[in-house]
Every structure is written in structure tokens, then in C-alpha cells.
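Secondary and tertiary structure notes
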Amino acid sequence: MLRTIFIKILFLVPLFGFSQDLLINTTNRNTTTLNGTWHYIVDPYETGYYNYRYEAFDQLEKEDWSAFYINYHAKDKMERVEYDFDKSPTLTVPGDWNSQQEKLFYYEGTVWYKKSFDYQLVNDNNRLFVYFGAINYKAEVYLNGTKLGTHEGGFTPFNFEVTSIVKPKDNYLVVKVDNKRFKEAIPTINTDWWNYGGITRDVKLIEEPSTFIQDYNIQLKKGGKNTITGSVRLNNADVDEKVTISIPELKINKIFSANKEGNIQFEFISKKIKYWSPSSPKLYDVFLKTKYQTLKDEIGFRTIVTNGPNILLNGKSIFLRGICIHEENAMRGGRAYNEADALVALNWAKELGCNYVRLAHYPHNEHIVKLADKMGIMVWEEIPVYWTVDFTNEVTLKNAKNQLTEAVSRDKNRASIIIWSMANETPISEPRNTFLKELIVHTKSMDTTRLISAALEKHNIDGVNIVDDEIGQYMDIVAFNQYTGWYGGSLENAPDAKWSIKYNKPVVISEFGGGALQGLHGTIKERWTEEYQEYLYQQNLKMIEKIPNIRGTSPWILNDFRSPKRVLPVIQDGWNRKGLISNHGIKKKAFFTVKEFYIKMAQKYK
Ligand code: GCU
């Protein structure tokens, strides 16, 4: 018994993604993709992880490993082994398993993945990392039988160093993916989207020099239109390391000495900066150089602040002409994961007349965020603190903070991201307010330059729509979802609706809308017809335009998306039909209602 307890302590793996510091800007690093065909084994009873006494194999000594343990390899053919990856079927990575295998469509549980690869370090002194864009929901990662660690959270990246484990030949990377929902998770057990499981984003090996550029932050100084400020952090720095920062187009090229921790801070003054904006999404080539490597990024410089009811981008008041987007390629009916998927979504948003998108309800993949930088589309990025999260649970709070840390770490150099969202439609309570305040403080400890918001709660007293959610006092933007004409409320009277909003801050309607089956036609009174949805949008937009301090909206939602909650035969059949575009990519009549409204708002905020 003592031995087992001791072993447990020895192998105790931290609960959350304590993968080492996140490697950012991985597309511009020295990478080898592990995307492609992976073998998989479906393991609903987690036989490959727990013995019959429900003890986790990877916390036991090797001699206690048995024929089921996924990292157990028979010493000789006579030994009993009850699995074989190489004879098992395959899945494509990245990609959810639900949309790849009919038998896994509704599956929630464990799937084991295995990828074999050879790898020869370019230089023996170099270091090697394995990087995952995201795994939904919980991952246990092993390389050549050694446990690298655990990560929890389905929408943010993580990496592990594997320098001392990787071999030139026959490496085998094994990942246990478990997408079971549970009360204490983020998101919690109840969501209105499909619980796509799997290695849902890119997987890559990243080779770095022994001393490498771990992290950096480069942007306009808050309140300083001509000051570029930033920091760089080296990993494994020697004394007096030099870092050169250059932005050739601004004739900036300066060498800095790192302190003993390998950090530098800097500021540059330039009166020639062309600011990033939707109409002119200027990105500068930025080079970070050490004697070991040169890392390039493309960074836009802009300011985003609020002043009373106004949102000021580069000092100019703007209106957020938005749309909500789930990370799903509706035509494929699965998780979106590459640049092509991102292009489909953002081109539709552009066609709609958007200058802004709300990436609901979780951080999307890095392709869409980088594309938004290039296309000049501002972004609301959100962590899935959605509905009835376990607000009294410290572990849940730690998980939410970790997801924020990973999202902010990955995207802090993206000009397109203007809003970090803490939550969506969370029921008001003291524990919920405390939880959200913790998230706000945590976010601001990492980034003071972007706006903070969340989809807050509203209520109605004597026919007056009231927004006085206490947490609103800590938000830069007061955002809320309202579904007049769909979940109650009169469409006919909508344009005359009364609103009372407690805060003199910018107001953004973070969701409104209603469902329609594309191609179903009838009168404006007939729910589920395109005409009903069109009329709903006409009436809501007339109302929204009159709401005090209104500075933006992001209708729910760009296109129909899968949800297990939407089961009305013929009409829904497992799809949430609030899209302005169907899951076949066909625009509904309401699409053009919004498009017309955004032309008007673009003129008004010229
Ligand atoms: C909510 C929620 C969405 C959901 C939508 C709906 O506001 O934020 O995630 O899909 O309403 O009911 O369709």
C-alpha cells in the first residue's frame, strides 16, 4: 500500500494544462506537422487507463502495467496484450471524431490516438516540443511510453518539451482524449452546441535552439499613438543575451541586452505608424533576432478604448457591425480547423457588411484570428464560461483562468482582437459575480490594452427592458443577448420597446435573432419561415437602433449549426436554425435585411 501511495506522489501529474510556457506564433517557427492519419481506439470504459481496481496505470510502476494499458508493450509475443494500434482504424487530425465516423457521431468518452514518426534534430543542441492547437476536452499525452502531461480545456493550445525523449526513429505519440461533459468543467454540462471530441486542431513538432524566444508582446502603448512598446522573454538565456527588434518599414532596428532572466522591455517612438483598422488593416513585418534565431511576425498597431458611450478605434468612434460565429464548417457539419474554413466564414461576414465578429463561445483556432488581422475584421474572443458554470468551485475557476491565460498568450499580438469576453448568459448570484471579477482581474493582469465584456443578463419590469447586471460596472462594454420575437416579446411593438440600461458605457447587442428553415416560405406570422425571420430582423433592428448608447450588434448567428438540443423533426433535425445562412451555404432572406442595415450604419459612422 505504502509503495503505491509513494508511486502516486512520484507520478502525480498536475490537474490543469501545466504544459510549459506556451509557444506563440508557431506558424513562423521551425515546425514539422503531425497532421494527417492517426490510428485510434474507442475506449468508453477507459480500459487503457485504469486497472480493474480503477487505479490509473500511469501512476503505477511499470511492472503493475497490464495488457490493457495503452503504453504497455509485450516483451515477447507470448505475453497477453489486448489492443493493437497499428491494426486499429484511423482518423484524420485535425478534426473532430463525430463528423468523421458515423458510429462516433454522438460519442462522448475516451478515444486513444497514436501517431508514429521519425525525427532527427537539425542540431544536437536544439530542443524539441510537441504542440497541440487544441484537444476537446481533456488530454493525457505520452511519448514513447513517457507521460508528458495532462491538459484540460477544449479550445486553447498547449505544448510539452520532448527533447530528452524523442528518438531519431520510431517515436510513438499517444494521446488519450476524453470529451465527457461534467458539472465542474468549462463549459459545464449544458451547452447549445455539438460536443465535438478529438484532436480538433493542428499538431506540430517545433524545434528551437537551446536558448530561444519563448514569448513576446509588441503593440501600441495604451494612450500613446506614436509609441510602440513591448517585451521579449528568452528561454534558457545566458548572461547578457542580445535581442534585436526590427520593423524595417518604420526604420526601427535596435539591439537590447536581456536581464539575467532573459527578459527585455522596449519602447520606440515613430510618427510614421499607419494604424490598423478595418478599412486599412495594415500589418508590419516585425523581426525578433537573437544570435540563435530570427522570428518574424506580422503585427498591426491600433488603439481601442471607450469614452462614455463611445468605442474609439484609433481615436474615432465606431459601430461594431458584427455577426456571431461558431467554430463549425456547416457544410461539412464538423469543427472548423483550417484557413479554408476561416476564409468561408470571414468572407460571408465581409459580404454581410461586417467590420467585426463575435467568435462564440470559446477561443477559435489561430487561423481565423490571423485571417481577421489580414482582412481587417475586429474580434470578440470569449472563453466558454457559459450558462450554469460551477461558480463556487475553486478548481473550475482555476480552469477558467488557465483557458484565459492560454487564449491571451496565443493572441495578445493580434490587432484584430479588441474584446476579451469573460462569459455568456451566466445566471446572476454572488458566487457568479465573484467568479467573473476574478476573471476580469486575471485578464487585466495579462493585457490592459483591450476591452473587457461579457454577455450580461437583462430582465423586464412592467414592459421595460432593464439591464442593471451588477458585473456591468466592471465591464468596458455593456453587452447582452435579447431575443425579442423569438423567446417572447412582441415583434409588432418591438420598435417602440422601452430600455433602461444602468451604465453610461457603449452598448452592444451580443445576440439577437430567430430560427428559419432555409427554403420554407410563408407569412410573417408563421414561425420557422424565412419571412418570419426576415420580419423579426426588420423589427429588432428598428428597436436596436434606438437603444441608448448602442454601438454595435452581432446577430445570432452566421450559419445554422449542429446542436443536440434542437430536435424538431423536419425543421431542426439536430441543427440550430438561427443562421442567416443554411448549413448548405444558402443565404436566407434575413441575411439581406442585416446587410442593408449595415450599409446604413457604415454611412452613419463614416
Ligand atoms: C443563447 C446562447 C446561444 C444559443 C442561443 C439560442 O443566447 O448564447 O449559445 O445558441 O441563445 O438559443 O439559439
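Below is a short write-up of the structure.

About the criteria used
Residues numbered from 1 in each chain as written. Predicted model: local features only at pLDDT ≥ 70, side-chain atom pairs only at ≥ 80, totals over all residues. Heavy atoms only, no water. Buried < 20%, exposed > 50% of the residue type's maximum accessible area, 1.4 Å probe, protein only. Helix = DSSP H or I, 4+ residues; strand = E, 2+ residues; numbered from the N terminus. Pairing = 2+ DSSP bridges. Near = heavy atom within 4 Å. Polar contact = N/O pair within 3.5 Å; in protein donor to acceptor, adjacent residues only side chain to side chain. Areas by Shrake-Rupley, 256 points an atom, 1.4 Å probe, with all protein chains shown as cover. Nonpolar A, V, L, I, M, F, W, Y, C, P; charged D, E, K, R; others polar. Axes fitted to C-alpha atoms, helices over the stretch in contact; angles between N-to-C directions. Parallel < 35°, antiparallel > 145°, perpendicular 65-115°, else oblique. Contact = heavy atoms within 4.5 Å. Salt bridge = Lys/Arg side-chain N within 4 Å of Asp/Glu carboxyl O. Expected span 1.5 Å × (residues − 1). Right-handed = clockwise from strand over helix to strand, strands pointing away. Phe/Tyr/Trp six-rings, centres within 6.5 Å; stacked < 30°, edge-to-face > 60°. Lys NZ or Arg CZ within 6 Å of the ring centre and 35° of its normal. Core = buried A, V, L, I, M, F, W, Y, C linked by side-chain atoms within 4.5 Å.

**A short note on the pairing of strand S25 (residues 356–359)**
Of the two faces of S25, the one carrying Tyr-356 and Arg-358 and the one carrying Val-357 and Leu-359 are both buried. As paired strands, strand S22 (residues 324–325) and S25 are joined by two bridges and run parallel to one another. Counted as the bridge partner of Ile-325 is Leu-359 from S25.

**Here's the deal with the site of the ligand**
In the neighbourhood of the ligand, 14 residues make up the surrounding shell, with Asp-192, Glu-425, Tyr-487, Glu-511 and Lys-578 lying closest. In this structure, an oxygen atom belonging to the ligand sits 2.5 Å away from a side-chain N or O atom of Glu-425. Between an oxygen atom of the ligand and a side-chain N or O atom of Trp-556, the distance comes to 3.2 Å. In the complex, the protein chains occlude 97% of the 320 Å² of accessible area that the ligand would expose alone. Grouping the amino acids of the shell around the ligand by side-chain chemistry returns five nonpolar, four polar and five charged.

**Re the packing of helix H2 (residues 339–352) against helix H7 (residues 589–604)**
Interhelical geometry of H2 versus H7 gives an angle of 60 degrees and a closest axis separation of 8 Å. Put simply, H2 runs oblique to H7. Packed against H2, whose contacting residues are Trp-348, Glu-351 and Leu-352, the element H7 presents Phe-591, Val-594, Lys-595 and Tyr-598 at the interface. Class assignment for the residues of the contact of H2 with H7 results in five nonpolar, no polar and two charged.

**A short note on the pattern of salt bridges**
This structure, assessed with the given rule, holds 40 salt bridges. Between Glu-46 and Lys-180 there is a salt bridge, with the nearest N and O atoms lying 3.7 Å from each other. In this pair, Glu-46 sits in the loop between strand S2 (36–42) and strand S3 (90–93) while Lys-180 sits in the loop between strand S9 (171–178) and strand S10 (203–208), placing the two residues 134 residues apart along the sequence. Judged by its relative accessible area of 10%, Glu-46 is buried. Residue Glu-382 is joined to Arg-358 by a salt bridge in which the shortest nitrogen-to-oxygen separation is 2.9 Å. With Glu-382 in strand S26 (residues 378–382) and Arg-358 in strand S25, this pair connects stretches of sequence that are 24 residues apart. By relative accessible area, Glu-382 is classed as buried at 1%. A network of salt bridges, in which partner residues are shared, links Asp-21, Asp-215, Arg-233 and Lys-412.

**Side note on helix H5 (residues 430–446)**
Its 17 residues place the ends of H5 25 Å apart at the C-alpha level, agreeing with the 24 Å of an ideal helix rising 1.5 Å per residue. Structurally, H5 contributes buried residues whose contacts are with helix H4 (394–411), strand S27 (417–424) and strand S28 (451–456).

**What about the pairing of S27?**
Summarising burial for S27: eight of the eight residues are buried, a large majority. Bridge count for S26 against S27 is four bridges, and the pairing is parallel. When the bridges of S27 are listed, Glu-381 appears paired with Trp-420. In this fold, the crossover linking S26 to S27 by way of H4 has right-handed handedness. Both S27 and S28 contribute to a ladder of four bridges, which runs parallel. The partner of Trp-420 across the bridge, within S28, is Ile-452. As a crossover connection, the stretch from S27 through H5 into S28 is right-handed.

**Digging into the packing of aromatic side chains**
With the rule as written, the count across this model stands at 35 aromatic pairs. Each ring, one from Tyr-50 and one from Tyr-54, has its centre 3.9 Å from the other, and the planes form 15 degrees; the classification is stacked. For the ring pair Trp-193 and Tyr-362, a centre distance of 5.4 Å and an interplane angle of 65 degrees mean the geometry is edge-to-face. Taken as a pair, Trp-193 in the loop between S9 and S10 and Tyr-362 in the loop between S25 and helix H3 (366–375) lie far apart in primary sequence, 169 residues in all. In terms of burial, Trp-193 and Tyr-362 fall into one category: buried. Through successive ring pairs, a cluster of aromatic residues spans Phe-57, Trp-65, Tyr-69, Trp-112 and Tyr-142. Here Lys-176 stacks its cationic end above the ring of Tyr-49, 5.0 Å away from the centre of that ring.

**Notes on the nonpolar core**
In this structure, Ile-323, Leu-346, Val-357, Val-385, Met-422, Phe-435 and Leu-439 are the most contacted members of the largest nonpolar core, which totals 81 residues. Examining the composition of this core, we find that seven residues originate from one element, helix H6 (residues 530–544), more than from any other. Setting aside anything within four residues of it in sequence, one finds Met-422 in contact with Ile-383, Val-385, Leu-404, Leu-436, Leu-439, Ile-440, Thr-443, Ile-452, Ser-453, Ala-454 and Met-475. If you look at the next biggest cluster of nonpolar residues, it comprises 33 residues, including Val-243, Ile-245, Ile-273 and Val-286.

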